Amino acid sequence: MTDSRDSSEDAAMPRRAAARTAKLASLPLGIAGRAVGGWGRRLTGQSAEEVNATLSAKAAEQLFEVLGTLKGGAMKFGQALSVFEAAVPDEMAAPYREALTKLQSAAPPMPARQTHRVLAEQLGRSWRERFTEFSDEPAASASIGQVHRAVWHDGREVAVKVQYPGADEALRSDLRQLQRLSRVFQAFVPGTDVKPLLAELADRMDEELDYRSEAENQRGFAKAFDGDDQVLVPKVVASAPKVVVTEWISGTPLARIIADGTTEQRNEAGRLLAEFHYSSPVRAHLLHSDPHPGNFMLLPDGRLGVIDFGAVARLPHGAPPMLGAIMRLALDGESVKLLEAMRQEGFVRPGTTLDPADVQAYLAPFVVPLTTDRFHFTRRWAQQQAGRLGDTRSQDFRTGRSLNLPPNWLLIHRVTAGAVGILCQLDAELALRSIVEHWQPGFAD
């Protein structure tokens with residue numbers, strides 16, 4: 001006789017390490033197999049464009065099926081990749097854009113009986129008494145948990161985030177396997193360094209798995225932005241290691257605005273996102289570190305709603321002033337001082353000789369958005385940056401090989417790159433310079 005409990009748990013979060021590893025390993029094998037088939041179709045007369053479009057669509061379909069249905073570290077990695085799709089060349093972008101966007105908010109739900117079991121373990125056997133209403137149908141599913149809509153006993157509408165049983169084991173197994181396959185995934189997002197992204201996800205794993213830590217992060221943000229007229233962070237109502245209850249907020253997800261929003265919506269969403277990103281280290285001494293469109297929404301009253309605080313950078317002294325100083329030196333063309341500051345901060349590999357002019361040329365395109373009162377973030381601009389950094393024949397590529405990203409800068413760099421990726425997806429035009437001047441220490445000094 002089959003144990004129905006075990007089978008339902010596997011449906012929600014496939015936990016057998018061998019099965020998960022085999023599914024992840026199928027990605028490069030499937031891609032290689034389709035490449036051989038595509039070569040055969042070329043021989044029968046199909047054009048390279050037709051074959052490549054078919055291969056890209058099928059690879060994207062498999063990418064979503066594997067990363068999405070496995071949840072855990074596989075899906076979390078997919079969500080992290082999703083913000084970089086703006087840098088993918090147009091001829092490849094459409095299928096990957098659709099597949100990676102799905103990973104921002106969709107995953108198969110776990111059975112209601114299993115959800116109830118987790119709630120009883122975390123909130124007590126009388127957990128139902130805390131709610132006047134509770135919907136068994138999840139409102140959203142994500143990498144390591146799913147969200148249910150409910151009404152708290154005091155009448156407040158709440159979001160109840162429940163962690164999948166086995167999420168810890170699945171997360172560890174996936175990230176180990178994904179690190180072994182990092183070179184394969186590199187092809188999906190040219191210009192993005194996949195290996196350190198995976199290393200960072202692995203380093204932050206324990207924090208993400210403890211919802212008490214997430215609740216503490218969210219309380220910090222909610223306090224800092226309480227009463228703000230531009231940003232709303234829902235308050236925490238209750239928390240446990242694998243369950244967190246927060247106030248419910250509703251709005252238009254940024255993914256929908258990216259897909260079919262008006263120019264006004266795109267620009268306003270971009271402005272609010274940039275304001276939130278640059279002001280958080282000053283106001284909350286924290287940085288929201290899971291920048292993908294599924295975590296942000298435009299509310300009916302015009303504010304930006306922000307959710308999911310599992311990944312957060314703690315910045316007790318705010319954003320580092322050296323970041324602003326480096327941005328200003330690159331903007332002003334102070335190449336000698338720029339190289340000196342970067343060497344002092346550990347951005348230059350020890351024993352490396354670099355021409356200040358090459359470093360200036362490498363960084364100058366990144367600060368172009370700060371050279372004008374308003375800048376239009378586009379996919380084309382993102383593709384140009386990825387192209388120049390990934391071109392092995394270019395001086396920028398050689399300069400990049402001589403630079404180093406110090407560990408204490410890794411998260412800030414990745415989150416900022418992710419936020420810029422969303423701005424390019426939004427096709428947003430905004431006054432970024434004034435936001436940076438107001439909030440980034442060291443830039444206007």
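Residues numbered from 1 in each chain as written. Predicted model: local features only at pLDDT ≥ 70, side-chain atom pairs only at ≥ 80, totals over all residues. Heavy atoms only, no water.

## Concerning the overall build of the chain
Along the chain, the regular secondary structure elements total 20 helices and 14 strands. The buried share of the chain, reckoned over its 445 residues, is 50%. For the chain, long-range pairs separated by at least 24 residues make up 72% of all intrachain contacts whose partners lie at least 6 apart in sequence. With the model as given, the accessible surface of the chain reaches about 19,900 Å², and the carbon-plus-sulfur share is 53%. (Helix = DSSP H or I, 4+ residues; strand = E, 2+ residues; numbered from the N terminus. Buried < 20%, exposed > 50% of the residue type's maximum accessible area, 1.4 Å probe, protein only. Contact = heavy atoms within 4.5 Å. Areas by Shrake-Rupley, 256 points an atom, 1.4 Å probe, with all protein chains shown as cover.)

## Notes on the environment of Thr132
Topologically, Thr132 is positioned in strand β1 (residues 131-134). Spatially, the C-alpha atoms of Thr132 and Trp152 are 6.0 Å apart, while their sequence positions differ by 20 residues.

## Comments concerning helix α6 (residues 112-123)
Taking 1.5 Å per residue, 12 residues should reach 16 Å; α6 reaches 16 Å between its end C-alpha atoms and fits that length. Residues of α6 that are buried include every one of Gln114, Thr115, Val118, Leu119 and Leu123, and no others. Buried residues in α6, looked at end-on, bunch into an arc of 140°, giving them a common side. (Expected span 1.5 Å × (residues − 1). Arc of directions from axis to C-beta.)

## What to know about unusual backbone geometry
Of note, Asp308 is a non-glycine position whose phi angle comes to about 65°, a positive value. For Asp308, the position within the fold is in the loop between β11 (304-306) and β12 (312-314). A relative accessible area of 18% places Asp308 in the buried class. In the Ramachandran plot, Asp427 falls in the positive-phi region, its phi being about 60° despite a non-glycine side chain. Examined against the element boundaries, Asp427 turns out to sit in the loop between α19 (407-426) and β14 (429-430).

## Some remarks on the sheet that holds β11
Each strand in a sheet pairs with another by means of backbone hydrogen bonds, the pair being arranged parallel or else antiparallel. A sheet is described by the order of its strands in space; here 4 strands give the open sequence β5-β11-β10-β8, paired in mixed fashion. The two strands at the open ends of the sheet, each matched to only one other strand, are β5 (231-232) and β8 (252-253). Pairing geometry for β5 and β11, over 2 bridges, is parallel. Each bridged residue has a counterpart across the sheet, and for Val231 the counterpart in β11 is Leu304. Packed onto the sheet, helix α13 (residues 263-283) meets β5, β10 (296-298) and β11 and runs at close to 130° relative to β10. (Pairing = 2+ DSSP bridges. Axes fitted to C-alpha atoms, helices over the stretch in contact; angles between N-to-C directions.)

## Topic: the packing of aromatic side chains
Inspection of every chain in the model, using the stated rule, returns 13 aromatic pairs. Considering the side-chain rings of Phe225 and Phe276, the 5.4 Å spacing of their centres and the 45° angle between planes classify their relative orientation as tilted. Taken together, the residues span a long stretch of sequence, with Phe225 in the loop between α11 (211-224) and β5 and Phe276 in helix α13 at a distance of 51 residues. Taking relative accessible area as the criterion, Phe225 reaches 3% and is therefore assigned buried. The class for Phe276 is buried, based on a relative accessible area of 2%. With a centroid separation of 5.5 Å and 70° between ring planes, the pair formed by Phe375 and Trp381 is classed as edge-to-face. Take Phe375 and Trp381: they sit in the same class, and that class is buried. Chaining the aromatic ring pairs together yields one cluster made of Phe221, Phe225, Phe276, Phe296 and Phe309. A cation over a ring is seen here: Arg388 above Tyr362, with NZ or CZ 5.8 Å from the ring centre. Directly above the ring of Phe366 sits Arg388, whose terminal nitrogen or CZ lies 4.9 Å from the centroid. (Phe/Tyr/Trp six-rings, centres within 6.5 Å; stacked < 30°, edge-to-face > 60°. Lys NZ or Arg CZ within 6 Å of the ring centre and 35° of its normal.)

## As for the packing of helix α17 (residues 379-390) against α19
It is at 8 Å that the axes of α17 and α19 come closest, and there the two elements cross at 135°. Classified by the angle between their axes, α17 and α19 sit oblique to one another. Each of Arg379, Trp381 and Ala382 in α17 lies in contact with α19, whose residues at this interface are Val420, Cys424 and Gln425. (Parallel < 35°, antiparallel > 145°, perpendicular 65-115°, else oblique.)

## Some remarks on the pairing of strand β3 (residues 145-152)
Judged by how many residues are buried, β3 sits mostly within the fold: 6 of 8 residues are covered. Bridge count for β1 against β3 is 3 bridges, and the pairing is antiparallel. Note on β3: the bridge partner recorded for Phe134 is Ala150. Sheet analysis places strand β2 (residues 140-141) next to β3, joined by 2 bridges and oriented antiparallel. By the bridge assignment, Ala140 is partnered in β3 with Val147. Here 7 bridges tie β3 to strand β4 (residues 157-163), and the two strands are oriented antiparallel to one another. Across the sheet, residue Gly145 finds its bridge partner in β4, namely Gln163. Two successive antiparallel strands, β3 and β4, enclose a turn made up of 4 residues, where Gly155 displays a positive phi of approximately 95°.

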